[in-house]
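# Structural characterization, general
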Amino acid sequence: MSERKRPKLPPEWQKAERLTRGIYRLHTPDGKYRYGFAFPDGTFTSFSSRHPISLEDLRLHYRAEVRGRRDQEMMRKGLGPTLEEIERAQKRRWEKFKRLGLVLEREEDAALLDD
Amino acid sequence: MRHFWTIEVRLVVDTNVRMAAELAFPKGRSPAAQLLQLLHKKFYNQLAGRQQRVTIVLLRSTGLQNELRDVLRRLRIPAEEIAAIVYEASFFSKFVDVTEEDTDALRVQAPPVAHDDLHVIACAIKGKATHIVTYDKRHLLTPEAKRFMRRYGIKVVTPAEMLDELRRLGDP
């Protein structure tokens, strides 16, 4: 991407390496790096690189974040997904998880999933 | 719409509660699913400008989103469902910018028992949360972690306790 088209990045990101749209690799003074997200609304955040993450997953997070923010804005204008649509999607998803045998007999067991 | 008498509850929902809400059987009786359903309903009411005695702000950080995606991947959940769940988590919540430096700084302060969940604690403190909702008895629902969070005015509770507290406040 040319300098002209590059979004305005915070000063500490000037040496950032652009990986793909909105996603950067930030080199820190200690010789390590982390990831940076530059959002279309002009805000930024960094993403820890402590645990290995693929570019595909970084894109998944970036897209979810951009779409979530955009839909929140649309909701304020009376547009965007309705609660019924979201609840229907959740129900469909749950049926699928049930078919795949992923449902939990005791929901407290979910504590073991993120241990 | 917010009034001077509106009570704002700010929540950090741990990944295990999100997973419980997604995978609980039967879903209707699950406190985690009931809590998230209530939060979603209130989020819509809030955006529609409806008067509510209690408003709920759900908080998220990239660390929490990362953990959610990681757990879903480990369970071999189909990619399109992972994308949908991570999207919903960002749609219904307010973003808190938690950096690696924030979690590192907390490592000195927080009790060792809670070190595995510093990303949750950092999001709660930085996002000025009132509650952390979790099923994690090993790290967060411990007396040490609860005592530490109390210093910041944050309660660590289970989904059922959170629902009780919301009922006590007059909601739903």
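Time to look at the overall build of chain B. Scanning chain B for helices and strands turns up eight helices and five strands. In chain B, the succession of helices and strands from N to C terminus is β-α-α-β-α-α-β-α-α-β-α-β-α. The C-alpha atoms of chain B give a radius of gyration of 16 Å, which matches the 16 Å a tight globule of 172 residues would have. Its C-alpha atoms give chain B principal-axis dimensions of about 40 × 40 × 30 Å. Each of the 172 residues in chain B was classed as buried or not, and the buried ones make up 49%. A fraction of 68% describes how many contacts in chain B between residues 6 or more apart in sequence connect residues 24 or more apart.

All names here are of chain B. Spatial strand order, S3-S2-S1-S4-S5: five strands in an open sheet with parallel pairing. Every interior strand has two partners, whereas the edge strands, strand S3 (94–95) and strand S5 (155–157), have only one. Judged from the two bridges that link them, strand S2 (residues 54–60) and S3 form a sheet pairing that is parallel. Paired with Arg60 across the bridge in S3 is Phe95. Its contacts with the sheet place helix H2 (residues 31–47) against S2 and strand S4 (131–133), and it is angled at close to 110° to S2.

A few words now on the nonpolar core. Ranked by size, the top nonpolar core spans 61 residues in total, and within it Val12, Ala20, Cys123, Ala124 and Ile132 of chain B carry the most contacts. For this core, the element with the highest residue contribution is helix H6 (residues 118–126) of chain B, accounting for seven residues. In this structure, Ala20 of chain B is in contact with Leu104, Glu107 and Ala110 of chain A together with Ser30, Ala32 and Tyr135 of chain B, ignoring residues within four places of it in sequence. Judged by nonpolar contacts, the second largest core, of eight residues, contains Tyr35, Phe47, Leu58 and Tyr62 of chain A.

Side chains of residues three or four places apart in an α-helix project in the same direction, reflecting 3.6 residues per turn. With 22 residues, helix H1 (residues 55–76) of chain A should reach 32 Å at 1.5 Å per residue; the first-to-last C-alpha distance of 32 Å fits that figure. When H1 of chain A is considered as a whole, its buried residues turn out to be Leu58, Leu60, His61, Tyr62, Ala64, Glu65 and Gly68 of chain A. Where H1 of chain A is buried, its residues meet strand S2 (23–27), strand S3 (33–38) and strand S4 (44–47) of chain A together with helix H3 (62–74) and helix H4 (79–91) of chain B. Gly78 of chain A sits one or two positions beyond H1 of chain A and adopts a positive phi of about 85°.

Right, let's get into unusual backbone geometry. Residues and elements named next belong to chain B. Of the consecutive residues Phe25 and Pro26, the connecting peptide bond is found in the cis state with omega at -10°. Here Pro26 is to be found in the loop between helix H1 (15–23) and H2. Despite not being glycine, Lys128 has its phi angle at roughly 55°, a positive value. Structurally, Lys128 is set in the loop between H6 and S4.

Bringing the interface of chain B and chain A into the picture now. Taken together, the contact pairs 38 residues of chain B with 34 residues of chain A. Those elements giving two or more residues to the side of chain B that touches chain A turn out to be H1, H2, H3 and H4 of chain B. The biggest single contributor to the side of chain B that touches chain A is H4 of chain B, with eight residues. Here the residues of the side of chain B that touches chain A are counted per class, giving 16 nonpolar, 10 polar and 12 charged.

With that settled, the discussion passes to the sheet that holds S3 of chain A. Residue and element names in this part refer to chain A. Reading across from one edge, S1-S2-S3-S4 is the order of the four strands in this open sheet, with antiparallel pairing throughout. Looking at which strands have only one partner, the edges of the open sheet turn out to be strand S1 (17–20) and S4. Pairwise comparison of adjacent strand axes, ignoring direction, gives a mean angle of 35° for this sheet. Here five bridges tie S2 to S3, and the two strands are oriented antiparallel to one another. Within S3, the residue paired with Leu26 across the bridge is Arg34.

Here Asp14 of chain B lies in the loop between strand S1 (7–13) and H1. Once you skip the residues sitting within four places of it in the chain, Asp14 of chain B turns out to touch Val120, Ile132, Val133, Thr134, Asp136 and Leu140 of chain B.

The subject of this paragraph is H3 of chain B. The terminal C-alpha atoms of H3 of chain B, which comprises 13 residues, lie 18 Å apart, in line with the 18 Å expected from a rise of 1.5 Å per residue. Within H3 of chain B, 10 of the 13 residues are buried, which leaves the element mostly enclosed by the surrounding structure. For H3 of chain B, the full list of buried residues reads Thr62, Gly63, Leu64, Gln65, Asn66, Glu67, Leu68, Arg69, Val71 and Leu72 of chain B. In this fold, the buried residues of H3 of chain B make contact with S4 and H1 of chain A together with H1, S2, H4 and H6 of chain B. Once H3 of chain B finishes, Arg76 of chain B follows within two positions and takes phi at roughly 60°, a positive value.

Put simply, side chains in a regular strand alternate between the two faces of the sheet. Relative to S2 of chain B, S1 of chain B runs parallel, the two sharing six bridges. Bridging from a neighbouring strand, Arg10 of chain B pairs with Val57 of chain B of S2 of chain B.

So, how was this worked out
Sequence order as written defines the numbering, with residues in each chain counted from 1. Whichever chain is written first becomes A and whichever ligand is written first becomes 1, with later ones labelled in order. The predicted nature of this model means local features are confined to residues of pLDDT at least 70 and side-chain atom pairs, given and counted, to a pLDDT of 80 or more, with totals for whole chains, interfaces and linings taken over all residues. A run of H or I in DSSP counts as a helix once it spans at least four residues, and a run of E counts as a strand once it spans at least two, with each numbered from the N terminus. Each radius of gyration reported is based on C-alpha atoms, and the globular scaling rule is 2.2 Å times the count of residues to the power 0.38. Our exposure labels follow a C-beta count within 10 Å of each residue's own C-beta, placed from the backbone: buried means 20 or more other C-beta atoms, exposed means 12 or fewer, and partly exposed covers the counts in between. Think of it this way: build a C-beta for each residue from its backbone, and any pair within 7 Å is a contact. Being paired, for any two strands, means DSSP has found at least two bridges between them. Axis angles are defined between N-to-C directions and span 0 to 180 degrees, where every axis is a line fitted to C-alpha atoms and, for a helix, only to the segment in contact. In these notes, a nonpolar core means any group of buried Ala, Val, Leu, Ile, Met, Phe, Trp, Tyr and Cys residues linked to one another through C-beta atoms within 7 Å. Helix span, expected: 1.5 Å multiplied by one less than the number of residues in the helix. Residue classes follow a fixed rule: Ala, Val, Leu, Ile, Met, Phe, Trp, Tyr, Cys and Pro count as nonpolar, while Asp, Glu, Lys and Arg count as charged, and any other residue, Gly among them, counts as polar.

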